[in-house]
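# Reading the structure
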Amino acid sequence: MLLKVFTDKKSLGSAAAEQAANAIRRAIKEKGEARVTAASQFEFLNALTTAPNIDWRLVELFHLDEYIGLPLTHPGSFRKMLMEQLVQKTGVERYHLLDGDAPDHSAVAREASKQLASAPIDIAFLGIGENGHLAFNDPPADFTVEDPYIIVNLDEACRQQQVGEAWFSDISQVPKQAISMSVRQILKAKEILAVVPDQRKAEAIKACFEGKISPMAPASILRRHPNATVYLDNNSASLLSGELQSRLAMDSQAAVGE
């Protein structure tokens, strides 16, 4: 696993988008298509959607997670964000978004799992939560379940983060469950790219990348992936040890992990 640190969100997003665009182009060149999973990362997606020489008709998009019971029209809907930030901007024709307000969310998870498991994912675009979650796999995350998509309960820290980001007026408005890509499914991607700016993520970054690999720090499992890159800014990296920060300053591709 690689950690890379940038001065601000914009430079972080641009650098991550360049790596992502190269991975998409490479997959299309090698096998005629690219299968990707995406999260809502504004600066990153803005840079990626303007990258040149990507035939988005050859890209198949999968959704990481969605709240259960939240309509597409709600500002906090991840379907809504991906439609506006990625699908509509690029013209992606093959996309699989999770219908969180469908009557049978278990059926949604089963159908999405069938589509996702039909072929390998080339690159997964992720974020990391304030509690260290990957997708909506809150601590203690299940590192063993094999199902591609699962129904999860959201912990208070995760739900409070959504209030802090102003998607909901108070925690009582935040759904308590979600459909999420499982940790094992995320790790099956050939390449993983995590975009993690902001001071509010600093404690999670320290726990996940300087502590033990543990379900209590879900993103720590990225240290076991052979081709994962985590993009940080100075704020999200601010609580890393002085020794590690020095290494990262000297070598933007310093490897960290076990």
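The coordinates are above.
These notes cover the structure that comes with them. Nothing here was measured: the structure is a model prediction, and the numbers come from that model.

Time to look at the pattern of salt bridges. Scanning all chains against the criterion turns up 19 salt bridges. The salt bridge partner of Arg 26 is Glu 191, with a shortest N-O separation of 3.2 Å. Of this pair, Arg 26 sits in helix H1 (residues 9-31) while Glu 191 sits in strand E9 (residues 191-196), placing them 165 residues apart in sequence. Take Arg 26: its relative accessible area is 40%, and that puts it in the partly exposed class. A salt bridge links Arg 200 to Asp 198; its shortest N-O distance comes to 3.6 Å. Here the salt bridges share partners, and the residues they tie into one network are Lys 9, Glu 130, Glu 165, Asp 198 and Arg 200.

Here strand E3 (residues 59-63) lies mainly inside the structure; five of its five residues are buried. Taken together, strand E2 (residues 34-38), helix H2 (residues 42-48) and E3 constitute a β-α-β crossover, and its handedness is right-handed. Looking at chain direction, E3 and strand E5 (residues 94-96) are connected through three bridges and run parallel. Paired with Leu 61 across the bridge in E5 is Tyr 95.

What follows concerns the environment of Leu 72. Relative to the assigned elements, Leu 72 resides in the loop between strand E4 (65-67) and helix H3 (78-90). On a C-alpha basis, the gap between Leu 72 and Leu 98 in space is 9.9 Å, while along the polypeptide they are 26 residues apart. Every residue in contact with Leu 72, bar those within four places of it in the chain, is listed here: Ser 77, Arg 79, Lys 80 and Asp 101.

Now for the sheet that holds strand E7 (residues 149-153). Taken together, three strands build an open sheet; the order of strands is E4-E8-E7 and the sheet is antiparallel. At either margin of the open sheet sits one strand with a lone partner, and together these are E4 and E7. Across the sheet, the mean angle separating the axes of adjacent strands is 20° when strand polarity is ignored. Here E7 pairs with strand E8 (residues 177-181) via five bridges, running antiparallel. The residue bridging Asn 153 from the neighbouring strand is Gln 177, located in E8. This element, helix H4 (residues 105-116), spans E7 and E8 of the sheet and lies at about 140° to E7.

Cut-offs and rules
Residues numbered from 1 in each chain as written. Predicted model: local features only at pLDDT ≥ 70, side-chain atom pairs only at ≥ 80, totals over all residues. Heavy atoms only, no water. Salt bridge = Lys/Arg side-chain N within 4 Å of Asp/Glu carboxyl O. Helix = DSSP H or I, 4+ residues; strand = E, 2+ residues; numbered from the N terminus. Buried < 20%, exposed > 50% of the residue type's maximum accessible area, 1.4 Å probe, protein only. Right-handed = clockwise from strand over helix to strand, strands pointing away. Pairing = 2+ DSSP bridges. Contact = heavy atoms within 4.5 Å. Axes fitted to C-alpha atoms, helices over the stretch in contact; angles between N-to-C directions.

Treat this as a map of the structure, not an account of what it does.
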